[in-house]
Amino acid sequence: MENRIKNLREKRGLIQEILASELGITQQMLSKYERDITVIKVDILKKLAEYFNVTTDYLLGLSDIKRDFTGQIRLNETIDEYYDFIEVYKKLDRYDQELIWTIMQSVRKLAEKRKREEENDKCSDLR
């Protein structure tokens, strides 16, 4: 299991802190899951499977099949929706692909920060 979580995370270019934040856990806890030091909680396992669009059996190393039928349909729909982007991205050299990936991650972090700030503002308004 440790290698699959880590491999999926690294394939997406995510650092532990970002994935841990997405899952609502600490970076230290994610590290323990990746190194198989701590038994993964069922709710976190489900979140990981949903996040990476893989089965829990795949994450646990019980199967080499990443996606069930429903997961494959979701993947196909996503590919259809972003096909043009994917084609342009594939034609870039490795340097430009990494640059685009870094930019996308930065924009995502800023969007998450704005969302948290908006939620905090809403909470402040209710007081």
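Residues numbered from 1 in each chain as written. Predicted model: local features only at pLDDT ≥ 70, side-chain atom pairs only at ≥ 80, totals over all residues. Heavy atoms only, no water.

Per an unreviewed UniProt entry, the recorded name for the protein chain is Helix-turn-helix domain-containing protein, and the organism is Candidatus Anaerostipes avistercoris.

Generally speaking, nonpolar side chains in soluble globular proteins are found buried as a group. The biggest cluster of nonpolar side chains holds 19 residues, and the ones touching the most others in it are Leu48 and Leu59. Where this core is concerned, the elements lending two or more residues are helix H1 (2-11), helix H2 (16-23), helix H3 (27-34), helix H4 (42-52) and helix H5 (56-60). In terms of residue count, H4 provides more of this core than any other element does, five residues in total. (Core = buried A, V, L, I, M, F, W, Y, C linked by side-chain atoms within 4.5 Å. Buried < 20%, exposed > 50% of the residue type's maximum accessible area, 1.4 Å probe, protein only. Helix = DSSP H or I, 4+ residues; strand = E, 2+ residues; numbered from the N terminus.)

Tracing the backbone shows Glu34 in helix H3. Within the structure, Glu34 has its side chain in polar contact with the side chain of Gln16 (distance 2.7 Å). (Polar contact = N/O pair within 3.5 Å; in protein donor to acceptor, adjacent residues only side chain to side chain.)

Okay, the UniProt feature "domain: HTH cro/C1-type" (unreviewed entry) in the protein chain next. The positions UniProt marks with the feature "domain: HTH cro/C1-type" (unreviewed entry) are residues 5-59. Secondary structure over residues 5-59 splits into 69% helix and 0% strand, and the C-alpha atoms at its two ends are 7 Å apart. (UniProt positions renumbered as here; feature names shortened; annotations may be inferred.)

On to H4. Among the residues of H4, those classed as buried are Ile44, Leu45, Leu48, Ala49 and Phe52. The buried side chains of H4 occupy one side of the element, clustering within an arc of 140 degrees when seen end-on. Projecting away from the buried face of H4 at angles above 90 degrees are the exposed residues Val42, Lys46 and Glu50. (Arc of directions from axis to C-beta.)

Let us now look at a nonpolar patch on the surface. Residues Ile79, Tyr82, Tyr83, Phe85, Ile86 and Met104 make up a contiguous nonpolar surface patch of roughly 530 Å² in combined accessible area. Considering each element in turn, the nonpolar patch owes the most residues, three residues, to helix H7 (residues 83-91). With respect to the element layout, Tyr83 can be found in helix H7. (Patch = residues over 30% accessible without salt bridge, like charges linked within 9 Å, V, L, I, M, F, W, Y side chains within 5 Å. Areas by Shrake-Rupley, 256 points an atom, 1.4 Å probe, with all protein chains shown as cover. Salt bridge = Lys/Arg side-chain N within 4 Å of Asp/Glu carboxyl O.)

The next thing to look at is unusual backbone geometry. Phi is positive for Asp36, which is not a glycine, with a value near 60 degrees. Secondary-structure assignment places Asp36 in the loop between H3 and H4. A positive phi is found at Asn53, a non-glycine position, where the angle reads about 55 degrees. In this structure, Asn53 sits in the loop between H4 and H5.

Another point: the packing of H2 against H3. With their axes 8 Å apart at the nearest point, H2 and H3 run at an angle of 100 degrees to one another. As summarised for this structure, H2 and H3 are arranged roughly perpendicular, according to the angle between their axes. Two secondary-structure elements touch here, H2 through Gln16, Glu17, Leu19, Ala20 and Leu23 and H3 through Gln27, Leu30, Ser31 and Glu34. When the residues that make up the contact of H2 with H3 are grouped by side-chain class, the tally is four nonpolar, three polar and two charged. (Axes fitted to C-alpha atoms, helices over the stretch in contact; angles between N-to-C directions. Parallel < 35°, antiparallel > 145°, perpendicular 65-115°, else oblique. Contact = heavy atoms within 4.5 Å. Nonpolar A, V, L, I, M, F, W, Y, C, P; charged D, E, K, R; others polar.)

Turning to its location among the elements, Ile103 is positioned in helix H8 (residues 94-126). Spatially, the C-alpha atom of Ile103 lies 27 Å from that of Asp121, the residues being 18 residues apart in sequence.

As a further point, take the environment of Tyr95. Within the element layout of this structure, Tyr95 appears in helix H8. The sequence separation of Tyr95 and Thr55 amounts to 40 residues, and the corresponding C-alpha distance is 32 Å.

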